[in-house]
Amino acid sequence: AKSLGRNGFQLFDAELRDEIQTRARLGNELRAAIANDELTLHFQPLYTMPGNRICACEALTRWQHPVQGMIPPDQFIGLAEENGLIHDLGEWVLRAACREAATWPEHLKVAVNVSPIQLRNPRFVDIVESALQQAGLEPARLEIEITENIFVQNSATNRDILQKLGEMGCGIVLDDFGTGYSSLGYLRSFRFQKIKIDRSFVRELPEKGASSIIQAIINLAHGMDIPITAEGVETQDQWAQLNALGCNQVQGFLLGRPQPADSIRQHIQCAAEM
Ligand code: C2E
Ligand code: CA
Ligand code: CA
Ligand code: CA
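Since the model is a prediction, treat every value here as computed from it, not as a measurement. (Residues numbered from 1 in each chain as written. Chains lettered and ligands numbered in written order. Predicted model: local features only at pLDDT ≥ 70, side-chain atom pairs only at ≥ 80, totals over all residues. Heavy atoms only, no water.)

Peer 1: Describe the overall build of the chain, and please don't skip the residues or the numbers.
Peer 2: The secondary structure content of the chain amounts to 10 helices and 10 strands. Its C-alpha atoms give the chain a radius of gyration of 20 Å, near enough to 19 Å, the size a compact globule of 274 residues would have. Judged by the C-alpha coordinates and their principal axes, the chain covers about 65 × 45 × 40 Å. Taking all 274 residues of the chain together, the buried fraction comes to 46%. Taking the 25 positively charged and 34 negatively charged side chains of the chain as two groups, their mean positions are separated by 3 Å. (Helix = DSSP H or I, 4+ residues; strand = E, 2+ residues; numbered from the N terminus. Rg over C-alpha atoms; globule rule 2.2 N^0.38 Å. Buried < 20%, exposed > 50% of the residue type's maximum accessible area, 1.4 Å probe, protein only. Lys, Arg positive; Asp, Glu negative; His and termini not counted. Charge placed at Lys NZ, Arg CZ, Asp CG, Glu CD.)

Peer 1: Can you lay out the coordination of the calcium ion (ligand 4) for me, pointing to particular residues and giving the numbers?
Peer 2: Taken together, the protein donors to the calcium ion (ligand 4) comprise Asp-176 (OD), Asp-198 (OD) and Glu-231 (OE), at separations of 2.4 to 2.7 Å. Donor residues for the calcium ion (ligand 4), ordered by position in the chain, follow D-x21-D-x32-E. The distance between the calcium ion (ligand 4) and the calcium ion (ligand 3) is 3.3 Å, with Asp-176 acting as a donor to both metals. Here Glu-231 lies in the loop between strand S8 (228-230) and helix H9 (236-244) and Asp-198 lies in the loop between strand S7 (194-197) and helix H7 (199-203), a separation of 33 residues in the sequence. What makes Asp-198 buried here is its relative accessible area of 12%. (Donors = N, O, S within 2.8 Å, 3.2 Å for Na, K, Ca; no water.)

Peer 1: If you had to explain the coordination of the calcium ion (ligand 3) to someone new, which residues and values would you point to?
Peer 2: At this site the calcium ion (ligand 3) is bound by Asp-175 (OD), Asp-176 (OD), Glu-231 (OE) and Glu-231 (OE), with donor distances of 2.1 to 2.9 Å. Here the donor residues for the calcium ion (ligand 3) map to a single chain with the spacing D-D-x54-E. Here the calcium ion (ligand 3) and the calcium ion (ligand 2) are spaced 3.5 Å apart, with Asp-175 acting as a shared donor. Remark: Glu-231 occurs in the loop between S8 and H9 and Asp-175 occurs in strand S6 (residues 171-177); sequence separation between them is 56 residues. By the burial criterion, Asp-175 is buried, and Glu-231 matches it.

Peer 1: Before we move on, could you go through the site of ligand 1 and cite the residues and values that matter?
Peer 2: Around ligand 1, the structure places 21 residues, and the nearest of them are Thr-61, Arg-62, Arg-199, Glu-234 and Phe-253. Within the side chain of Asn-113, an N or O atom sits 3.1 Å from an oxygen atom of ligand 1. A distance of 2.5 Å separates a nitrogen atom of ligand 1 from a polar atom in the side chain of Glu-234. Here ligand 1 loses 84% of its free accessible area of 800 Å² to cover by the protein chains. Looking at the shell around ligand 1, the elements with two or more residues in it are strand S2 (54-65) and S6. When residues of the shell around ligand 1 are assigned to their parent elements, the largest contribution, 4 residues, is made by S2. Within the shell around ligand 1, the residues separate by chemical class into 7 nonpolar, 6 polar and 8 charged. (Near = heavy atom within 4 Å. Polar contact = N/O pair within 3.5 Å; in protein donor to acceptor, adjacent residues only side chain to side chain. Areas by Shrake-Rupley, 256 points an atom, 1.4 Å probe, with all protein chains shown as cover. Nonpolar A, V, L, I, M, F, W, Y, C, P; charged D, E, K, R; others polar.)

Peer 1: Pulling in residues and values, what's your account of the pattern of salt bridges?
Peer 2: A full pass over the atoms with the stated rule returns 7 salt bridges. With a shortest N-O distance of 3.1 Å, Glu-82 and Arg-23 are connected by a salt bridge. Taken as a pair, Glu-82 in helix H2 (residues 77-83) and Arg-23 in helix H1 (residues 2-35) lie far apart in primary sequence, 59 residues in all. Note that Lys-194 and Glu-143 form a salt bridge whose closest N and O atoms lie 3.1 Å from each other. Note that Lys-194 is positioned in strand S7 and Glu-143 in strand S5 (residues 142-147), a separation of 51 residues in sequence. Residue classification places Glu-143 among the buried positions, given a relative accessible area of 3%. In the salt-bridge network here, residues are joined through shared partners; they are Glu-58, Glu-145 and Lys-196. (Salt bridge = Lys/Arg side-chain N within 4 Å of Asp/Glu carboxyl O.)

Peer 1: Pulling in residues and values, what's your account of the side chain of Glu-231?
Peer 2: Nearest to the buried, unbridged Glu-231 among oppositely charged side chains is Lys-196, at 4.4 Å. Side-chain polar atoms of Glu-231 contact the backbone nitrogen of Arg-199, separated by 3.2 Å. Leaving out residues up to four positions away in the same chain, Glu-231 has contacts with Asp-175, Asp-176, Lys-196, Ile-197, Asp-198, Arg-199, Val-202 and Gln-251. (Contact = heavy atoms within 4.5 Å.)

Peer 1: How would you summarise the environment of Ile-77 if you had to cite specific residues and measurements?
Peer 2: By the secondary structure assignment, Ile-77 is in helix H2. Owing to a relative accessible area of 24%, Ile-77 belongs among the partly exposed residues under this scheme.

Shown next as structure tokens:
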């Protein structure tokens, strides 16, 4: 039993070593990918509810790996946050998203995901400003999506940065609401332009627990005059329930998947001609 245990540990050590090596290699490849333009943005449309008019698109990053093919963000954003690459990656995303949005009709906004770690960069506000300016995009057309984890540390600096971006005219959106670890108190200390209900709640509809939670979130937000977006809407039934609950915007495979920039441009064109 003793030797088995030792083998067990050896196996574990070997696996851990492999894991660490793999992550280090992936980290180096990601650094090169940012420099070599291997990253690309897909865009997913957001629609008004109940009118079903396209009002914004969310930029979602993809890594076109020369060997492994398309790598989804879940597999490299966390890594980029650990090794600090998220700063360069995030700046690339902001600039590329603003450039693309500048080619859309003026009523369409672009939503960009920002990691709480990016706010630690003292240049962050300048980067956003420069991305908007270079693209010639009105600040009001940029929505910055951030998760409530930003408030776990209850940092005054983070609040100040969000405040500054808001004063510049950008929309600050609370993403994945209901999944974080912070209390609700922060909602009083910062005014979000919009709150996004996480897909994990929408997915459970029509289960009663899920619809109660969604109703409570919508009541809470509307009580503060904040509109609500639901993400991950896949079925007509989910759409109808969210509509009945008073949801203001929807996003999901039912209405539109994330797609490359030229395909979303065609999509926007068709919507405008309807
Ligand atoms: P998120 O911000 O919650 O984005 C929504 C995710 O849900 C996207 O996954 C989207 O493809 C997926 N989705 C949308 N509608 C549906 C639906 O109806 N059904 C299902 N099953 N899924 C749906 P994606 O593109 O894989 O992105 C995953 C996460 O990676 C994002 O979650 C976001 O947190 C992060 N992410 C993506 N791009 C960036 C980025 O540029 N910067 C940062 N910091 N994070 C990013
Ligand atoms: Ca998001
Ligand atoms: Ca989300
Ligand atoms: Ca989510």
